[in-house]
Amino acid sequence: MNDTILVVEDEEKLARLLARYLEQAGFSVHQIHNGLEATPWIRQHQPDLVLLDLMLPGADGLDICREVRSFSHVPIIMVTARVEEIDRLLGLELGADDYICKPYSPREVVARVRAVLRRMSPTAAMENTTTLQLREDQLLVMAGTKSMELTAVEFHLLQTLSQSAGRIYSRDQLMDRIYADRRIVSERTIDSHIKKLRRKLTELLPGQDVIQSVYGVGYKYDPTG
Ligand code: CA
């Protein structure tokens, strides 16, 4: 059976375009153009993933996301028209699984849908999951028999991200968690620590990329990456 994707999008032309790309990629697609219809449909049909626009007539994406989370773990990708909005959405901790900003390329959306579904699939996750062990007393990260020394900042970044795999953290949220006094750092500092951390992890896990950047948003840890 094909995975069913629900597209909640009031711009009907855009919804149709997206549906066409998703169908070509092998998904079954249902479109909803009014916010009020989304939750009842999800309850009744239990789709495999929901692409949820933020601004909708009837009920907005925030309310829909909250309502759906009260009865379902269905993966939700939120779609917003403004990249600045994503930081605010992250702060609300809605339980969405990914965020996409308009304008987007339908191909990118298909790729993100696949990535989220892959992450959710228990078998795929088990096959490829890398278990890293963290030794805080020695600031060491270990994979199998190999180990790597990290700086304190790198260690805490990895610890924060890996404790909630799949969750996207903005640079701001990472700064809050890592630094007692965040006035001393800038977003660029975070980027440069992440860059070094990723380089070390690639040495530890060749061919893998467990820390992923989410364009315009921040970073997440993906053990299957
Ligand atoms: Ca809209």
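Residues numbered from 1 in each chain as written. Predicted model: local features only at pLDDT ≥ 70, side-chain atom pairs only at ≥ 80, totals over all residues. Heavy atoms only, no water.

Peer 1: Could you clarify how one ought to interpret the packing of aromatic side chains in this entry?
Peer 2: Pairs of aromatic rings are described using the distance from one ring centre to the other and the angle between the two planes. Using the criterion set out here, one finds 0 aromatic pairs in the structure. The aromatic ring of Phe71 is capped on one face by Arg43, whose charged end is 4.1 Å from the ring centroid. (Phe/Tyr/Trp six-rings, centres within 6.5 Å; stacked < 30°, edge-to-face > 60°. Lys NZ or Arg CZ within 6 Å of the ring centre and 35° of its normal.)

Peer 1: How should the coordination of the calcium ion be read in this particular structure?
Peer 2: Around a metal, the perfect tetrahedron of four donors has angles of 109.5 degrees, and the perfect octahedron of six donors has angles of 90 or 180 degrees. Taken together, the protein donors to the calcium ion comprise Asp10 (OD), Asp53 (OD) and Met55 (O), at separations of 2.1 to 2.3 Å. The sequence pattern formed by the donor residues of the calcium ion is D-x42-D-x1-M. Of this pair, Asp10 sits in the loop between strand E1 (4–8) and helix H1 (12–24) while Asp53 sits in strand E3 (residues 49–53), and the two are 43 residues apart along the sequence. By relative accessible area, which is 28% here, Asp10 ends up partly exposed. Taking relative accessible area as the criterion, Asp53 reaches 4% and is therefore assigned buried. (Donors = N, O, S within 2.8 Å, 3.2 Å for Na, K, Ca; no water. Helix = DSSP H or I, 4+ residues; strand = E, 2+ residues; numbered from the N terminus. Buried < 20%, exposed > 50% of the residue type's maximum accessible area, 1.4 Å probe, protein only.)

Peer 1: Just checking my understanding: could you explain the sheet that holds strand E11 (residues 218–221) for this structure?
Peer 2: Sheets are built from strands that pair by backbone hydrogen bonding, the pairs being arranged parallel or antiparallel. Taking strand neighbours across the sheet as the criterion, the 3 strands line up as E9-E11-E10 in an open arrangement whose pairing is antiparallel. Edge positions in the open sheet fall to strand E9 (169–170) and strand E10 (211–214), since each of these has one partner strand only. The sheet contact formed by E10 and E11 spans 4 bridges and is antiparallel. Residue Ser213 lies in a different strand from E11, and its bridge partner there is Tyr219. (Pairing = 2+ DSSP bridges.)

Peer 1: Which parts of the structure should I look at to understand the pattern of salt bridges?
Peer 2: Once their charged atoms are close, side chains differing in charge can pair, the charge on each being opposite to the other. This structure, assessed with the given rule, holds 12 salt bridges. Counted as one network, the salt bridges with shared partners bring together Glu9, Glu11, Asp53 and Lys102. (Salt bridge = Lys/Arg side-chain N within 4 Å of Asp/Glu carboxyl O.)

Peer 1: What should I look at first to understand the environment of Ile100 in this one?
Peer 2: Residue position: Ile100 is located in strand E5 (residues 98–101). Residue Ile100 is classed as buried on the basis of its relative accessible area of 1%. Along the primary structure Ile100 and Arg112 are separated by 12 residues, whereas in three dimensions their C-alpha atoms are 8.5 Å apart. The contact partners of Ile100, leaving out residues within four places of it in the chain, are Ile77, Met78, Val79, Thr80, Val109 and Arg112. (Contact = heavy atoms within 4.5 Å.)

Peer 1: Please clarify how the domain arrangement of the chain should be interpreted in this entry.
Peer 2: It is common to report an interface's size as the accessible area lost on association of the parts. Split into domains, the chain comes out as domain 1 (4–120) and domain 2 (125–221). Relative placement of domain 1 and domain 2: their C-alpha centres are 28 Å apart. Contacts between the two partners involve 12 residues from domain 1, matched on the other side by 11 residues from domain 2. Interface area for domain 1 against domain 2, summed over the two sides, is near 820 Å², with a carbon-plus-sulfur share of 51%. Taken together, the connections running from domain 1 to domain 2 amount to 0 salt bridges. Ranked by residue count, the leading element in the side of domain 1 that touches domain 2 is helix H4 (residues 83–92), at 5 residues. (Domains from an automatic or database assignment. Buried area = accessible area lost by both parts, 1.4 Å probe.)

Peer 1: Which parts of the structure should I look at to understand the nonpolar core?
Peer 2: By size, the foremost hydrophobic cluster in this structure holds 27 residues, and its most contacted members are Val8, Val50, Leu52, Ile76, Met78 and Tyr99. Of all elements in the fold, only E1, helix H2 (35–45), E3, helix H3 (61–69), strand E4 (76–80) and H4 reach the threshold of two or more residues within this core. Ranked by residue count, the leading element in this core is H3, at 4 residues. Both domain 1 (4–120) and domain 2 (125–221) contribute no fewer than three residues apiece to this core. For Tyr99, the contacting residues outside a window of four places in its chain are Ile77, Met78, Ile86, Leu89, Leu90, Arg112 and Ile168. By size, the runner-up hydrophobic cluster in this structure holds 26 residues, among which are Leu132, Leu201, Leu205 and Tyr221. (Core = buried A, V, L, I, M, F, W, Y, C linked by side-chain atoms within 4.5 Å.)

Peer 1: Is there a simple way to explain the state of the cysteines in this structure?
Peer 2: The bond known as a disulfide is covalent and runs between the sulfur atoms of two cysteines. As enumerated under the stated definition, the model contains 0 disulfides in all. No disulfide involves Cys65; its sulfur sits 17 Å from that of Cys101, the nearest cysteine. Take Cys65: its relative accessible area is 0%, and that puts it in the buried class. (Disulfide = S-S within 2.5 Å.)

Peer 1: What should I look at first to understand the pairing of E5 in this one?
Peer 2: Remember that side chains alternate between the two faces of the sheet whenever the strand is regular. Sheet topology places E4 next to E5; 4 bridges connect them, and they run parallel. The residue bridging Thr80 from the neighbouring strand is Cys101, located in E5. Chirality of the crossover, the property in question, places the unit of E4, H4 and E5 among those that are right-handed. (Right-handed = clockwise from strand over helix to strand, strands pointing away.)

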